[in-house]
Amino acid sequence: MLLGVNIDHIATVRNARGTVYPSPVEAALVAETAGADLITMHLREDRRHIKDADVFAVRQAISTRLNLEMALTEEMLDNALEVKPQDVCIVPEKRQEITTEGGLAVLGQEKTIATFIEMLEKENIRVSLFIDPDIAQIQAAKDIGASVIELHTGRYADAADEKTRQAEWQRIKTAAEFADKNGFCVNAGHGLNIHNVADIARLPEIRELNIGHAIIAQALFLGLSESVKQMKTAIFQAQMLNSEQ
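Just so it is clear, the model here is predicted, and its values are computed rather than measured.

Rules behind the numbers
- Along each chain, the written sequence defines residue order, and numbers are assigned to residues from 1.
- Reporting in this predicted model follows two pLDDT cut-offs: at least 70 for local features of residues, and 80 or more for side-chain atom pairs to be given and counted; totals over whole chains, interfaces and linings ignore these cut-offs and use all residues.
- To get the side-chain values, take all heavy atoms of the structure and skip hydrogens and water.
- A 1.4 Å probe that fits but cannot get out identifies a cavity on a 1 Å grid over protein atoms alone, an open set with protein on both sides within 12 Å along at least five of seven lines counts as a pocket, and a residue lines either if it has an atom within 4 Å of a point.
- Grid points are joined across faces, edges and corners, and a volume is the space filled by probe spheres set on the points.
- Here a helix means four or more residues in a row that DSSP labels H or I, a strand means two or more in a row labelled E, and each is numbered from the N terminus.
- Under this grouping Gly is polar, as are all residues other than the nonpolar Ala, Val, Leu, Ile, Met, Phe, Trp, Tyr, Cys and Pro and the charged Asp, Glu, Lys and Arg.
- The cut-offs for exposure are 20% and 50% of the maximum accessible area for each residue type, with area from a 1.4 Å probe on protein chains only; residues under the lower value are buried, those over the upper are exposed, and the others partly exposed.
- Only heavy atoms enter the contact rule, under which two residues are in contact if any of them lie within 4.5 Å.
- Note on pairing: two strands pair once DSSP finds at least 2 bridges between them.
- For every element, the axis is a line fit to its C-alpha atoms; helices are fit only across the contacting stretch, and the angle between N-to-C directions ranges from 0 to 180 degrees.
- Only one rule defines a salt bridge in this text: a Lys or Arg side-chain nitrogen within 4 Å of an Asp or Glu carboxyl oxygen.

Trainee: Looking at this structure, I do not really get empty space enclosed by the protein. What am I missing?
Mentor: Where empty space is left becomes clear once a probe the size of a water molecule has been rolled over the atoms. Enumeration over the complete set of coordinates arrives at one cavity of 30 Å³ or more. Each pocket or cavity is described by its volume, and for the largest cavity that value is around 40 Å³. Arg 65, Asn 67, Asp 87, Val 88, Arg 126, Ser 128, Val 148, Glu 150, Asn 187, Glu 208 and Asn 210 together form the lining of the largest cavity. Counting only elements with at least two residues in the lining of the largest cavity, the list comes to strand E3 (65-70), strand E4 (87-90), strand E5 (126-131), strand E6 (148-152) and strand E8 (206-211). Considered class by class, the residues forming the lining of the largest cavity number two nonpolar, four polar and five charged.

This is how it looks when you write it as structure tokens:
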């Protein structure tokens with residue numbers, strides 16, 4: 001299972017004081033050196049953290065993959081076609097939200113999403129759709145020719161009690177199995193941290209996790225390199241335990 005490290009909140013800290021540090025490029029290189037398999041960035045429409053120049057700079061600096069999260073807008077499409085990251089993840093976006101609140105509604109936007117996928121894939125950019133663990137949305141993604149999805153794990157991560165958490169985990173498990181059987185490359189992310197990642201990491205259908213806020217938060221105490229290594233270890237140990245059972 002691959003680990004994508006989202007460095008958005010390095011830029012959040014930088015922007016809080018309007019300085020040039022901490023540098024998203026430096027963060028990307030440290031994460032990469034510590035074992036990150038890809039670097040994830042979300043260029044939001046309001047540019048609240050990552051800026052346009054950050055995306056170009058990181059794309060040029062790293063030797064792994066850049067996964068650019070973007071809204072379903074013409075501006076972001078044009079930006080991605082110029083940057084040419086290895087991966088694009090299309091996500092829903094609302095100006096008033098603190099962070100992404102749910103999955104992309106594929107149903108009702110099939111034509112637009114299909115057009116975006118076609119244009120990006122023509123430039124050899126792999127496209128994933130960030131969607132809820134919902135069979136109808138996964139089927140809609142299949143119907144328009146998507147090949148990669150990222151399951152939204154936020155409700156699992158934010159569950160208020162164990163019963164709710166287990167129910168949300170079962171939804172993710174069922175969705176991952178359905179998607180895998182239908183030929184998707186299945187990724188997952190949102191809200192995962194060192195305490196809740198294990199159950200998701202044990203799902204054999206999931207190939208990649210994208211984790212940001214928890215890694216950056218833990219880096220305040222451990223350093224970014226150690227925080228990335230800690231998450232990689234947690235994922236590895238969960239998978240080893242799963243294989244032994």
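Trainee: Whenever I open this one, the layout of surface pockets confuses me. Can you help?
Mentor: Put simply, the second largest pocket is a space of about 220 Å³. Taken together, Ile 10, Val 13, Pro 22, Ser 23, Glu 26, Ala 27, Val 30, Ile 216, Ala 219, Leu 220, Gly 223 and Leu 224 form the lining of the second largest pocket. Among the elements of the structure, helix H1 (8-17), helix H2 (24-33) and helix H10 (213-222) are those that each provide at least two residues to the lining of the second largest pocket. Counted by class, the lining of the second largest pocket contains nine nonpolar, two polar and one charged residues.

Trainee: I would appreciate a short explanation of the environment of Ile 138 in the present structure.
Mentor: Residue position: Ile 138 is located in helix H6 (residues 135-143). The exposure class assigned to Ile 138 is buried, which follows from its relative accessible area of 0%. Taking the C-alpha atoms as reference, Ile 138 lies 26 Å from Glu 45; in sequence the two are 93 residues apart. The contact partners of Ile 138, leaving out residues within four places of it in the chain, are Ile 131, Ile 149, Leu 151, Ala 175, Phe 178, Ala 179 and Phe 184.

Trainee: Sorry, what's going on with the pairing of strand E7 (residues 185-189) here?
Mentor: In the case of a regular strand, side chains alternate between the two sheet surfaces. Of all five residues making up E7, five are buried, and the element is well covered by its neighbours. Neither face of E7 is left uncovered, since the one carrying Cys 185, Asn 187 and Gly 189 and the one carrying Val 186 and Ala 188 both have all their residues buried. Summarising the sheet, E6 and E7 pair through five bridges and their orientation is parallel. Bridge pairing links His 152 to Gly 189 in E7. Across four bridges, E7 lies against E8 in parallel orientation. Within E8, the position partnered with Gly 189 by the bridge is Asn 210.

Trainee: Where do I start with the pairing of E8 in this structure?
Mentor: Within E8, five of the six residues are buried, which leaves it mostly tucked inside the rest of the structure. Pairing analysis gives four bridges linking strand E1 (residues 2-6) to E8, with the strands arranged parallel. When the sheet's bridge partners are listed, Gly 4 is paired in E8 with Asn 210.

Trainee: Can you help me understand the sheet that holds E1 in this one?
Mentor: The strands that make up a sheet are held in pairs by hydrogen bonds between backbone atoms, and each pair lies either parallel or antiparallel. Ordered by their spatial adjacency, eight strands build a closed barrel running E1-E2-E3-E4-E5-E6-E7-E8, and the pairing between neighbours is parallel. Along the sheet, successive strands turn relative to each other by an average axial angle of 25°, direction set aside. Bridge analysis of E1 against strand E2 (residues 38-42) gives three bridges, and the strand direction is parallel. Looking across to E2, one finds that Asn 6 is bridged to Thr 40. Sitting on the sheet, helix H8 (residues 162-181) is in contact with E6, E7 and E8, with an inclination near 175° to E6.

Trainee: I keep staring at the pattern of salt bridges and nothing clicks. Help me out?
Mentor: Side-chain pairing between opposite charges can occur once the charged atoms of the two side chains come close. Tallied over the full model, the rule gives 17 salt bridges. Linking Asp 54 and Arg 14 is a salt bridge whose minimum nitrogen-to-oxygen distance equals 2.8 Å. Residue Asp 54 is found in helix H3 (residues 52-61), and its partner Arg 14 is found in helix H1; the two are separated by 40 residues along the sequence. Between Glu 123 and Lys 84 there is a salt bridge, and its shortest N-O distance comes to 3.8 Å. On the criterion of sequence distance, the pair formed by Glu 123 in the loop between helix H5 (110-121) and E5 and Lys 84 in the loop between helix H4 (74-83) and E4 is long-range, its members being 39 residues apart.

In short, geometric facts, not functional conclusions.
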